[in-house]
Each structure stands twice: as structure tokens, then as C-alpha cells.
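What follows is each chain in one-letter form.
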Amino acid sequence: MSRFPLSKGVYTSLVALLFVNATTHAAEAFSAESPWMLGDWNGQRTQLQEQGYDFSFGYTGEMATLLDAKRSSSHGTEYTGQLNLGAHLDLEKIAGWKDTEAQITVTHRDGRNLSNTSDALDGHLSSVQEVWGRGQTWRLTDFWIKKQFLDQKLDVKVGRFGEGEDFNSFDCDFQNLALCGSQVGNWVGDQWYNWPVSQWAARVKYNLTPEVYTQVGVYEYNPENLERGKGFNLSTEGSKGAIIPAEVVWTPKLGEQKLPGEYRAGYYYSTADAEVISNPVATDHHQGGWIVAKQQLTAHHGDASRGLTGFINATVHDAKTNAVSDMQNIGLVYKGAMDSRPQDEIALGVARINMNNDVLGNRSEEVDAEIYYGIHATNWLTIRPNVQYVRHVGGYKDGENVWVGGIKFNTAF
């Protein structure tokens, strides 16, 4: 049985569409210089962008296999993937609405996660395949409109989207979840919903200077949004409260070479009840904070598009309601180390997930590490083979130590 629950007719139509585009526009399709696998549709795609319609079709696939474990002799391999279909609309060009834009994104996740099927990874706090999770199903991931005021200093966004799109945001190039995306959503995931889950939300951002802005948001907390059959749920029935994050962001360009950086500091509070870990009949509220820092440190022989970048993430969470008390990750990414491969990159990251020792007894910390080499195969395809190491799976002091091999790829159709 196919892991992608689409009808035979839909598959036939998709294959036919790909074939027609690939044959009709053979000169552009599959060109390594094109940003899209299927090319520019004989110029129509660029023309649509100029008119305000920017369509995106992408796919992320991740494979993971157990290489070695301290005690377990069983091995296994799993594959999971995500298809995303999107449209970004420049409503100033389309309808004359000044400084207004909108986004619609639909996603589909499918497959299985080695962290859930391997005995050696039983209880894994992170995940060796970050794209898995939140229900393997179709979802309305973005459905929002954004308007700027006061000469573009004030930015207001409303609709359906996730916290991690704007708050505690971070790149998602690593395959291990503890090194990918918004980390608050990974450790307060019972209420903070990252991509691909959406909820009703509003976010207000104000640019204090060209390099500094502050923002605050209100996100509906509705556990029904996680249900497999409610990926397109627009109802507020079942809402339990709201997550309220606030953040200050600094985006400098440092030195003579204007090397880019991004620094974030934020706080979140939930109005919804959460179970107190030490007393399940009592309730309190999630709250915590984060710091994110990413800075390009060098330029490769004077070329600022290449060079070494460092990053640090840290989160802290309230001890009463959260099983994870804090986490940190740190890493380095070097882009264009070889002149023959100027867009390839090599990266190393290490994450520490610290359990709430006061109430969880024999559990302490789990360490997740990954090294990958990113092969820029074409402008529409990047492949990242990787090796991951997990120490003390589940945060148990006598937990497994595991080696995992993986391959992550991103493509844009």
C-alpha cells in the first residue's frame, strides 16, 4: 500500500503534468541554473511573479538508518517526507492594496520515523528525522494576510500560522530535530505548535531601526488542531487559551565586509492550564524564554557569500509544568570551502536537552550531535548526507548511545 494516500487518478494527473512541463519546456526544465526543477514554464512563471503571484511547490525527504548502538543489536531504516504547495500573493500588485501580502500553504507529511520504530532509540527526546510528526496528513499550514503601516515600520499579520514562523525562528538544514527550527516548539510542544500545524493568530512587529525590531503575538491554543482529521479545521471550538510570545530581534551586518547576523531574545506565556508534573491534579501555566544567535564570522578569500557561520540557541522553561527544563545547541557551518564547489556547505552541531531533574528523578540530559555535508546539486536540489550521534537516549543516565546515518534532500519543483 502506498504511504501517500492519494487516489490513482490524482497520481496519474500529477505524472501527466510533470511530463507535459518537462517535454514542452525541455530547454528550461531540469536546468541546473534554474531555481525550479520544471523550469520557468516558457517564461510564464516569472511573468506571474511580476504580476504578484508567486507559486511554490517543494518536497523534503529524509532517510535514517541505525548504524550502531551500545547495547541494541537490531538495525532499521525509515523514510519520511513532506510535500508543500504554496502561493504568495503581492496584493499591492494584484489589487492595489498598498504594502499588503498574503500566503497560503498546504502541506502533506508521510512516512515513518526511526526514533519511533527503533528499540535503540526508544524514548528519544529529539528526532533523527525532523520532518516527521504532528500527524502524517494533509494540513492547511499558512492562511494569512500581512499589512504594513507608518512607512513600513509597523507590520501586522493575522490569520492561521505557527509560532515558529516569526518567533524563536531558526534555519532547518540539519536533520536532527534538536538542531532544526524553533526549539521552544520542540520542548513545549503540547501547546506551542510549529510548522506544519496552524492556528488562529495575530502578530504585530515594529521596526525600531533598520536593524532592530520588536514583536508580540497571540496564538490560539486548540489541541483539536493536532487531530489527523482536522488539518483544515478553521473552528475555534475546543480552544483552551492562548500562547503569547514577545521578542526583540537584531539583524546587524558587521565589519567592512558587512557579514550578516541575527540575534533574538524572547519570552512566552500561556494562558492555558498545564498539568503540574509533581502533582497531576494541580495546574499552572507554561512560561519561559529563549536566546538565538547566528553570525557569519568570516568571508572566504573576501567573498562574503562564502565563509564560516556560527550559531547558538538556548531555551529555558518553567520547572512546574515542563519535562524539559532547558536546552542549548551550538554549531558551525562553512559554505564554499572548496573553490570547485562554492555553494556546498559542511556543518557540525551539538545539542543538549536537560530534563527537569527535580521531578523526574533518574533522568538528566540527552546529547544529540550531527555532521552533514550539503551538496548543492542544482539550484533546485540540495542533498545533505549526515551522521548523527545520540548520547543517553531519553535523558536516562544509563540510556543507549546510538549512531545514525541519514540523507536529507530538499527540492523545488
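To start, this report covers the structure provided alongside it. No experiment lies behind these values; they were computed from the predicted model shown. (Residues numbered from 1 in each chain as written. Predicted model: local features only at pLDDT ≥ 70, side-chain atom pairs only at ≥ 80, totals over all residues. Heavy atoms only, no water.)

Considerations on the overall build of the protein chain
Here is step 1 of the chain: Each helix and strand counted, the protein chain has six helices and 19 strands in total.
Here is step 2 of the chain: Scaling as 2.2 N^0.38, a compact globule of 413 residues should have a C-alpha radius of gyration of about 22 Å, and the protein chain matches this with 22 Å.
Here is step 3 of the chain: In the protein chain, 60% of the contacts between residues at least 6 apart in sequence involve partners at least 24 apart.
Here is step 4 of the chain: Entry remark: accessible area of the protein chain is about 19100 Å², with carbon and sulfur atoms responsible for 59%.
Here is step 5 of the chain: The average position of the 35 basic charges and that of the 49 acidic charges among the side chains of the protein chain differ by 1 Å. (Helix = DSSP H or I, 4+ residues; strand = E, 2+ residues; numbered from the N terminus. Rg over C-alpha atoms; globule rule 2.2 N^0.38 Å. Contact = heavy atoms within 4.5 Å. Areas by Shrake-Rupley, 256 points an atom, 1.4 Å probe, with all protein chains shown as cover. Lys, Arg positive; Asp, Glu negative; His and termini not counted. Charge placed at Lys NZ, Arg CZ, Asp CG, Glu CD.)

Concerning the nonpolar core
Here is step 1 of the chain: With 27 residues, the main nonpolar core has W192 and W290 as its most contacted residues.
Here is step 2 of the chain: Of all the elements in the fold, those that place two or more residues in this core are α5 (183-187), β13 (287-296), β15 (324-335) and β16 (345-355).
Here is step 3 of the chain: The dominant element in this core, judged by the number of residues it contributes, is β16, at four residues.
Here is step 4 of the chain: Leaving out residues up to four positions away in the same chain, W192 has contacts with R134, E163, G164, F167, N168, S182, V184, G185, I243, P245, Y268 and W290.
Here is step 5 of the chain: Core analysis: the next-biggest nonpolar cluster, separate from the first, contains 11 residues, L114, A120, V128 and V393 among them. (Core = buried A, V, L, I, M, F, W, Y, C linked by side-chain atoms within 4.5 Å. Buried < 20%, exposed > 50% of the residue type's maximum accessible area, 1.4 Å probe, protein only.)

Let's talk about the side chain of D155
Here is step 1 of the chain: Here D155 shows up in strand β5 (residues 154-161).
Here is step 2 of the chain: Within the structure, the side chain of D155 is placed 3.4 Å from the side chain of Q148, a separation counted as a polar contact.
Here is step 3 of the chain: Within the local environment of D155, its side chain forms a polar contact with the side chain of R203, the two groups lying 2.8 Å apart. (Polar contact = N/O pair within 3.5 Å; in protein donor to acceptor, adjacent residues only side chain to side chain.)

Some remarks on the pairing of β13
Here is step 1 of the chain: When you tally the buried positions in β13, you get seven out of 10 residues, the bulk of the element.
Here is step 2 of the chain: Inspection of the sheet shows strand β10 (residues 259-270) paired to β13 by nine bridges, in the antiparallel sense. The residue bridging E262 from the neighbouring strand is K294, located in β13. (Pairing = 2+ DSSP bridges.)

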